[in-house]
Amino acid sequence: MRPWIALASSAPLFAIGLWFLLAPPKAKTALTLIAPPGLEKIEHFIFIMQENRSFDAYFGNYPNAEGRPDGVCLPDPKGGPCVPLFHDTNVVNRGGPHGWTSAQADINQGKMDGFLAQSYANFMPGVKCTPPAPNCSPGTDPRDVMGWHDQREISNYWNYANLYVLQDRLFESVASYSLPAHLYMLAGQSGGYTGFQQKEPTTYNFPEITELLTSGKVDWKYYVAAGTSPGAEEGDTQTQAADKYSFWNPLPAFPAVKNNPANFARLVDAGNFYVDAMKGTLPQVSWVIPSGPLSEHPPSGVAVGMNYVTTVVNAVMQSPQWKSSAIFISWDNWGGFYDHVPPPAVDQYGLGIRVPGLVISPYARQGFVDHKTYSFESWLRVVEERFGINPMTARDNAALDMTDAFDFTQAPRDPVILSPGGTPYPPGPQVITHAAGSMTSVSSAHYGYSFAPESIVSAFGSNLAAAAVSASSTPLPTALAGASVSVKDSAGVSRLAPLFYVSPGQVNYLVPAGTASGVATVTVMNGSVASSGTVQMTPVAPGLYTKSQTGQGLPAAFVTLLHSDGSQGAAQLVTGPVNLGSGGDQAYLTLYGTGIRGRSSLANVTAQVGPMAGTVTFAGAQGGFAGLDQVNVVIPAALRGAGYVVATVTVDGQTANQVSFTVQ
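This structure is a prediction, so every number in the text was calculated from the model and none was measured.

**Q** Requested: an account of the overall build of the protein, with residues and values cited.
**A** Across its full length, the protein carries 13 helices and 35 strands. The C-alpha extent of the protein, read off along each of the three principal axes, is 70 × 65 × 45 Å. Put simply, the protein has 664 residues, and 59% of those count as buried. Element-wise, carbon and sulfur atoms account for 55% of the exposed surface of the protein, whose accessible area totals about 23,200 Å². One way to put it: in the protein the 34 positive side-chain charges average out to a point 4 Å from where the 45 negative ones average out.

Quick look at the structure:
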């Protein structure tokens, strides 16, 4: 069935920013257990889990990330003026409550407006501070949940984002506090435990990843900083040690660890991490857990935590194992701090509120903001794929693996040692080199690495074509300026790819129809010069085009009003605030993307617009432009006046990059 909103010609495509098909875009910035191409180069995975910071609190104004919107001001529960988002220069913060009930209140059915009320309702015992009186010292003001930091307070975190990869859609796995979050980090579940009207478990009877690593003869260690960590009640502390069960170290409560001396010996003090790194004896999989003072969990300071994380990263960079390592950094929950993105609902437990994610490796892409949707199960997924371990739950089975963070065609990068006290931002860029004849293909929508048949792809390399030439007619040619592209799929079938544009540094091509799922080899021939690379093919790989051509921000889209009398209004290009009409008007959002047409059924395509589900009336080929797909979504009338909203589309369980716009 054709979409009811059709494009008469290709002219509107240029108006909405799809010219990248014929000319260069901005500079490049599944369910199988087969390791993605190149992942075998990573032999050591290091997972650093810090505490209690939302994405907006740390990276809300980072360039090209899905940052906080302008004009947010939440009502003061005490009747004073509304409290806006503000730059918090204090490195010691108070934060807010962050258990199950607080998460539900903060999210508030997707409105993301409960943070301040929850903070006011949960003063720490003994704190004498009544805003807006000036006696609220750092770490006591309930309004600081609306505060944010940037390169002035956390320069190294911003430096890592600039040098390596920042993930702006990493969500806590469960909408609750640290213990269930760490269980999901290790097991892809918490056994149903959220902390809401439940006693803290003393033992767990479900599998976790270290049990499977051991059975597969994969070496691992869980490094724990000794000291104290937050307790069950606000302001309480508990003793933390490698051999003691705690919120951040649940492994001693798993019988497969506790009752096996060899496994139990893998729980070690964090001081051993530096020794192992120096000696080149880091295991294949490591988790590094801070003590309370190092964790950034309020009232622990952000500068102290950044200092500690930098020493851990520096230890890996100065290790003989650096060139085969990947470091993943996150924060286990939002800590009560504001974030504007409604978390996806994947089951009754989550996902939880968005947290920052960083990936650091000699093979990491430089300055890349990854817009794909992840959770802590993604950490499990990449390890499972690398070492051939079966997923434990539906969560890690469906999780994306974070391999978009890497470019395995590049030469391993030298380490960049930062000062633990903070290196000024921004750092100087590194020179990235590739072997002769290598080439990297990325989605033209969001620069990810997964592709579907008949999706639009951009390949980057050198000496790919003799000149810059665009296709001038349809059907698209399979040769331009002496260049051609062939795609050899996992079944061994090779097909020529239709071409949109070629140049010495870039080729835009259409993945041939019928390309089988699995690893495919893409080869660009420029006369007798061949450049090649491997790609991951899947039935669907949804990506949405954006006005900025970054995969983030305003969508390449139209809004059309269908009036109550059956007449249709003129399509509004989404360049600013969107008018949803009035009365009985129904607004349709037409999004453009690629990698969508292979969906199983329309029922398996869903959309979220702000806090509400949008009905998808069409998802498939646009029909007038090769490889271009279209999704029509009914925008709920209840969103009139909603202001800034984030929209996502999920196809057969795979979520596209998010887009955002303002609703009048």
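**Q** Break down the environment of Val316 for me, citing the residues and quoting the values.
**A** For Val316, the position within the fold is in helix H11 (residues 302-317). Note: C-alpha distance between Val316 and Ser361 (45 residues apart in sequence) is 9.6 Å. Dropping the residues within four chain positions of it, Val316 is found in contact with Ile46, Phe273, Leu282, Trp322, Ser325 and Ile327.

**Q** If you had to explain the confidence of the model for the protein to someone new, which residues and values would you point to?
**A** Detail in the predicted coordinates should be disregarded across regions flagged by low pLDDT. Taken over all residues, the pLDDT of the protein has a mean of 91, while the share at 70 or more is 92%. Note that pLDDT drops below 50 for residues 1-17; the model gives that stretch 36 contacts with residues more than four away or on any other chain. Overall, residues 23-32 carries pLDDT values under 50, and its contacts beyond four positions in sequence, including any with other chains, amount to 29 contacts.

**Q** Tell me about the packing of helix H6 (residues 178-187) against helix H12 (residues 377-387), and name the residues and values.
**A** The interhelical angle for the contact between H6 and H12, taken along N-to-C directions, is 15°, at an axis separation of 7 Å. By the angle between their axes, H6 is roughly parallel relative to H12. Of the two elements, H6 crosses H12, and the hand of that crossing is right-handed. Contact with H6, carried on its side by Tyr184, Met185, Leu186 and Ala187, involves Glu377, Trp379 and Leu380 of H12 and no other residues of that element. Of the residues in the contact of H6 with H12, the class split is 6 nonpolar, no polar and 1 charged.

**Q** Quick rundown of the sheet that holds strand E25 (residues 529-537)? Include the residues and the values.
**A** The 5 strands are arranged E17-E25-E24-E20-E21 in an open sheet whose pairing can be described as mixed. Looking at which strands have only one partner, the edges of the open sheet turn out to be strand E17 (450-451) and strand E21 (494-496). Pairing analysis gives 6 bridges linking strand E20 (residues 483-488) to strand E24 (residues 518-526), with the strands arranged antiparallel. Within E24, the residue paired with Ser486 across the bridge is Thr523.

**Q** How would you sum up H12? Please name residues and give values.
**A** When you tally the buried positions in H12, you get 10 out of 11 residues, the bulk of the element. Considered for burial, the residues of H12 that qualify are Glu377, Ser378, Trp379, Leu380, Arg381, Val382, Val383, Glu384, Glu385 and Phe387. Directly beyond the C-terminal end of H12, a positive phi value near 70° is found at Gly388.

**Q** Pulling in residues and values, what's your account of the environment of Asp150?
**A** Summarising the element assignment, Asp150 is placed in the loop between strand E5 (147-148) and helix H5 (155-163). Along the backbone, Asp150 and Phe59 are 91 residues apart, and their C-alpha atoms lie at a distance of 6.5 Å. In this view, Asp150 contacts Tyr58, Asn61, His87, Ser155 and Trp158; residues no more than four positions away in its chain are not counted. A distance of 2.6 Å separates a polar atom in the side chain of Asp150 from a polar atom in the side chain of Arg152.

**Q** Got a sec to walk through H11? Specific residues and values, please.
**A** Taking 1.5 Å as the rise per residue, H11 with 16 residues should run 22 Å; its terminal C-alpha atoms sit 22 Å apart, in good agreement. Across the 16 residues that make up H11, a large majority, 12, are buried. Every buried residue of H11 is accounted for by Val302, Gly305, Met306, Tyr308, Val309, Thr310, Val312, Val313, Asn314, Ala315, Val316 and Met317.

**Q** So what's going on with the packing of aromatic side chains? Which residues, and what values?
**A** The full count for this structure, using the stated rule, is 31 aromatic pairs. Geometrically, the ring pair formed by Tyr177 and Phe247 is edge-to-face, given 5.2 Å between the ring centres and 80° between the ring planes. Linking Tyr177 in the loop between strand E6 (165-171) and H6 with Phe247 in the loop between strand E9 (237-240) and helix H8 (255-258), this pair joins segments that are 70 residues apart in sequence. For the residue pair Tyr177 and Phe247, the accessibility class agrees, reading buried in each case. Centre to centre, the rings of Tyr363 and Phe408 are 5.6 Å apart; their planes meet at 50°, and the pair counts as tilted.

Cut-offs used in this document
- Residues numbered from 1 in each chain as written.
- Predicted model: local features only at pLDDT ≥ 70, side-chain atom pairs only at ≥ 80, totals over all residues.
- Heavy atoms only, no water.
- Helix = DSSP H or I, 4+ residues; strand = E, 2+ residues; numbered from the N terminus.
- Buried < 20%, exposed > 50% of the residue type's maximum accessible area, 1.4 Å probe, protein only.
- Areas by Shrake-Rupley, 256 points an atom, 1.4 Å probe, with all protein chains shown as cover.
- Lys, Arg positive; Asp, Glu negative; His and termini not counted.
- Charge placed at Lys NZ, Arg CZ, Asp CG, Glu CD.
- Contact = heavy atoms within 4.5 Å.
- pLDDT = per-residue confidence, 0-100.
- Axes fitted to C-alpha atoms, helices over the stretch in contact; angles between N-to-C directions.
- Parallel < 35°, antiparallel > 145°, perpendicular 65-115°, else oblique.
- Left-handed = near helix turned anticlockwise from the far one by under 90°.
- Nonpolar A, V, L, I, M, F, W, Y, C, P; charged D, E, K, R; others polar.
- Pairing = 2+ DSSP bridges.
- Polar contact = N/O pair within 3.5 Å; in protein donor to acceptor, adjacent residues only side chain to side chain.
- Expected span 1.5 Å × (residues − 1).
- Phe/Tyr/Trp six-rings, centres within 6.5 Å; stacked < 30°, edge-to-face > 60°.

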